[in-house]
Amino acid sequence: MNTKYDVIVVGGGHAGCEAATAAANMGAKTLLVTMDMNRIAQMSCNPAVGGIAKGQIVREIDALGGQMGLITDKTAIQFRMLNRSKGPAVWSPRAQCDREKFIWAWRETLDHTDNLDIWQDQADRLIVENGEAVGIATIWGMEFRAKSIVVTAGTFLNGLMHVGRKQIEGGRMAEPAVHNFAESIAVHGIRKDRMKTGTPVRIDCRSVHFEDMERQDGEQDYHKFSFMGEQRVLKQLPCWMCYTNPDVHKRLNDGLDESPLYNGQIQSIGPRYCPSIETKLVTFPERDKHLLFLEPEGETTNEMYLNGFSSSMPTEIQLDALRQIPAFRDIKTYRPGYAIEYDFFDPTQLLHSLESKVIKGLFLAGQVNGTTGYEEAAGQGLVAGVNAANLCSGSKPFIMHRDESYIGVLIDDLVTKGVDEPYRMFTSRAEYRILLRQDDADARLTEKAFNMGLATKERMDFWTEKNNAIDRIINFCNTASVKPNDVNSWLENHNTTPLHIGAKLTDLLARPQINMTDIYEISPKLKEMVGSLPNRQDEISEAAEIKIKYKGYIEREKLFADKMKRLENIKIKGHFNYEQMTQISIEARQKLAKIDPETLAQASRIPGVSPSDINALLVLSGR
């Protein structure tokens with residue numbers, strides 16, 4: 001059996017799967033080591049992909065040649081575009097998926113990826129020689145060697161699960177924890193700490209009174225995750241909404257002394273933006289209800305996920321509280337909610353390539369970097385896999401920047417600011433979100449991915465065809481004119497001001513009351529042009545409309561991003577002894593010495609480093 005590879009990926013979750021396929025598709029001989037081949041890409045919590053800002057990450061993964069978008073479209077049982085009431089900069093796709101079909105779609109993808117082997121085993125020790133990661137040893141006595149190692153161990157490193165006062169070691173329900181491996185990394189000087197996350201009770205839908213709930217259907221339009229994938233093929237299912245009530249809150253509050261979060265049993269920090277139900281009650285005592293979503297786990301299963309009711313309370317308290325909700329008065333469950341604590345590593349000890357600053361050839365991605373969410377993990381995994389392959393071939397690192405992707409924002413935040421709670425991506429974290437829309441991820445990233453060998457020629461041709469079509473539409477709208485007599489009555493019918501002189505179609509489209517579909521009514525030639533684009537008319541029309549409507553905002557944000565790039569070009573790593581610099585604040589000295597930023601722009605994003613500190617560094621850089 002071959003035990004020598006270019007890249008070894010440890011962990012078969014969302015980060016690991018993207019890392020393994022990316023490295024293999026880059027031409028690296030790759031091994032994926034996972035504890036259970038039948039749970040590859042398991043959706044440990046909600047079987048849903050996307051959401052606010054997370055949906056943009058998945059579209060970026062797809063534009064780069066990754067797999068998550070394609071697999072989501074194959075297995076989606078409900079799709080929605082969130083934030084439609086706001087501008088397109090924050091539109092975010094989200095899909096509920098069939099949990100089991102998602103796993104097997106990923107398994108099929110891995111099985112058909114060239115240069116990729118899978119080994120079912122548990123990593124026990126990282127092998128480091130002369131400061132470089134050169135392999136892993138497993139609990140079954142195997143030793144594999146490689147030029148680079150990608151660790152994507154999720155919540156398994158010394159995982160400890162909690163239900164009330166009961167504690168069981170494990171990385172997920174019914175799966176063992178991984179011991180020794182985190183220690184074999186930390187012994188080389190990589191800092192580790194503990195985090196906590198949780199998941200809700202799983203409910204048997206046959207016990208639910210749906211007549212007491214509000215139905216929420218998905219959308220059936222052309223939107224999807226992958227720019228290339230097929231439309232949704234599975235049966236589309238509704239989600240359901242209901243609320244907690246004072247009786248629920250009383251039962252939970254009465255049992256708070258049994259909660260691991262409040263009796264001292266759990267010391268680590270949980271996710272701020274996905275709190276447990278008991279945390280909601282303590283944080284917002286004035287609220288008499290909280291919204292819950294009951295979501296399907298699959299196309300044919302009876303199992304449903306109760307979004308909004310994450311808990312680690314004792315099982316009987318969870319069930320007693322839920323029975324106070326009319327829809328759940330006869331509830332039957334498959335298992336209780338639980339919390340899990342696990343080890344993670346300080347991400348400020350990573351380069352932007354996600355390679356360790358301490359151990360050469362070691363890459364970390366996913367929850368081991370202090371993040372939460374499948375999408376954040378998958379985005380990191382793809383970048384780590386590409387850079388692990390690049391290290392093997394001697395190519396320069398693939399670095400994603402803040403003005404070109406949410407993945408770039410995510411990684412820069414991690415390595416620059418670090419984490420003191422599980423990191424979750426939001427649109428508000430991206431200062432260039434008008435440039436980072438879900439509709440233009442292919443415009444930002446596909447050519448770059450193709451040039452480095454990650455995206456296929458088919459994908460590149462697909463983008464080129466779309467880009468050319470968008471340009472034709474925009475050019476036509478920029479040159480085609482309409483006269484007042486021809487369109488004024490039409491404009492009045494659309495509740496917008498009539499023309500006094502002729503105008504270009506772009507001028508009309510810039511009005512908030514008018515969209516591209518409306519323009520087709522007064523320009524048969526444009527409608528004919530768009531109609532000649534088989535199967536992609538809606539997608540291309542939307543992209544062209546956004547570029548026309550928001551042209552001014554987009555150009556202004558590009559100018560600002562270009563100004564910030566000047567600071568990105570000023571390299572400062574290794575140029576200063578921060579601890580001896582009296583020109584900057586004591587806090588800045590400490591933070592800069594700890595992070596040792598690559599550029600002045602990265603230094604400017606470190607919490608505690610003020611604009612005056614940056615000005616001082618700028619002056620000293622000039623000297």
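In case you missed it, the structure is sitting above this.
Definitions and cut-offs
Residues numbered from 1 in each chain as written. Predicted model: local features only at pLDDT ≥ 70, side-chain atom pairs only at ≥ 80, totals over all residues. Heavy atoms only, no water. Helix = DSSP H or I, 4+ residues; strand = E, 2+ residues; numbered from the N terminus. Contact = heavy atoms within 4.5 Å. Axes fitted to C-alpha atoms, helices over the stretch in contact; angles between N-to-C directions. Parallel < 35°, antiparallel > 145°, perpendicular 65-115°, else oblique. Left-handed = near helix turned anticlockwise from the far one by under 90°. Nonpolar A, V, L, I, M, F, W, Y, C, P; charged D, E, K, R; others polar. Pairing = 2+ DSSP bridges. Buried < 20%, exposed > 50% of the residue type's maximum accessible area, 1.4 Å probe, protein only. Lys, Arg positive; Asp, Glu negative; His and termini not counted. Salt bridge = Lys/Arg side-chain N within 4 Å of Asp/Glu carboxyl O. Polar contact = N/O pair within 3.5 Å; in protein donor to acceptor, adjacent residues only side chain to side chain.

Here we look at the environment of Q513
By the element assignment, Q513 lies in the loop between α14 (505-509) and α15 (516-522). Taking C-alpha positions, Q513 is 6.7 Å from T496, a pair spaced 17 residues apart along the chain. For Q513, the residues in contact, after removing those within four places along its chain, are H494, N495, T496 and D518.

Focus: the packing of helix α2 (residues 54-63) against helix α9 (residues 374-393)
At their nearest, the axes of α2 and α9 sit 9 Å apart, and the two run at 30° to each other. When the axes of α2 and α9 are compared, the pair comes out roughly parallel. Relative to α9, α2 is oriented so that their crossing is left-handed. Residues K54, I57, V58 and I61 of α2 pack against E375, E376, A378, G379 and L382 of α9. A breakdown of the residues in the contact of α2 with α9 according to their chemical character gives five nonpolar, one polar and three charged.

Re the sheet that holds strand β5 (residues 92-97)
If you walk across this open sheet you meet the three strands as β3-β5-β4, and the pairing is antiparallel. In this open sheet, the two strands that pair with only one neighbour each are β3 (48-50) and β4 (76-82). Sheet twist, expressed as the average angle between the axes of neighbouring strands with direction ignored, equals 15°. Alignment of β4 against β5, held across six bridges, turns out to be antiparallel.

Focus: the side chain of E557
With respect to the element layout, E557 can be found in helix α18 (residues 551-568). In this structure E557 is buried but unpaired, with R556 as the nearest side chain of opposite charge at 6.6 Å. Within the local environment of E557, its side chain forms a polar contact with the backbone nitrogen of R433, the two atoms lying 3.4 Å apart. In this structure the side chain of E557 is engaged in a polar contact, spanning 2.8 Å, whose partner is the backbone nitrogen of I434. Sequence-distant contacts of E557, defined by excluding residues within four places in its chain, comprise E431, Y432, R433, I434 and L435.

So, helix α3 (residues 68-75)
At 3.6 residues per turn, the α-helix brings residues three or four places apart onto the same side. α3 sits mainly inside the fold: six of its eight residues count as buried. Here α3 has its buried residues at M68, G69, I71, T72, D73 and T75.

Points about the pairing of strand β9 (residues 143-151)
In summary, the side chains of a regular strand alternate between the two faces of the sheet. Summarising the sheet, strand β1 (residues 4-10) and β9 pair through six bridges and their orientation is parallel. Looking at the pairing, Y5 lines up with A146 of β9. Sheet topology places strand β8 (residues 132-138) next to β9; three bridges connect them, and they run antiparallel. Within β9, the residue paired with A137 across the bridge is E143. Taking the residues between adjacent antiparallel strands as the criterion, β8 and β9 are bridged by four residues, where G141 takes a positive phi near 85°. Two strands pair when backbone bridges link them, and β9 and strand β19 (residues 362-364) are joined in this way by three bridges, in the parallel orientation. Following the sheet pairing, I149 is matched in β19 by L362.

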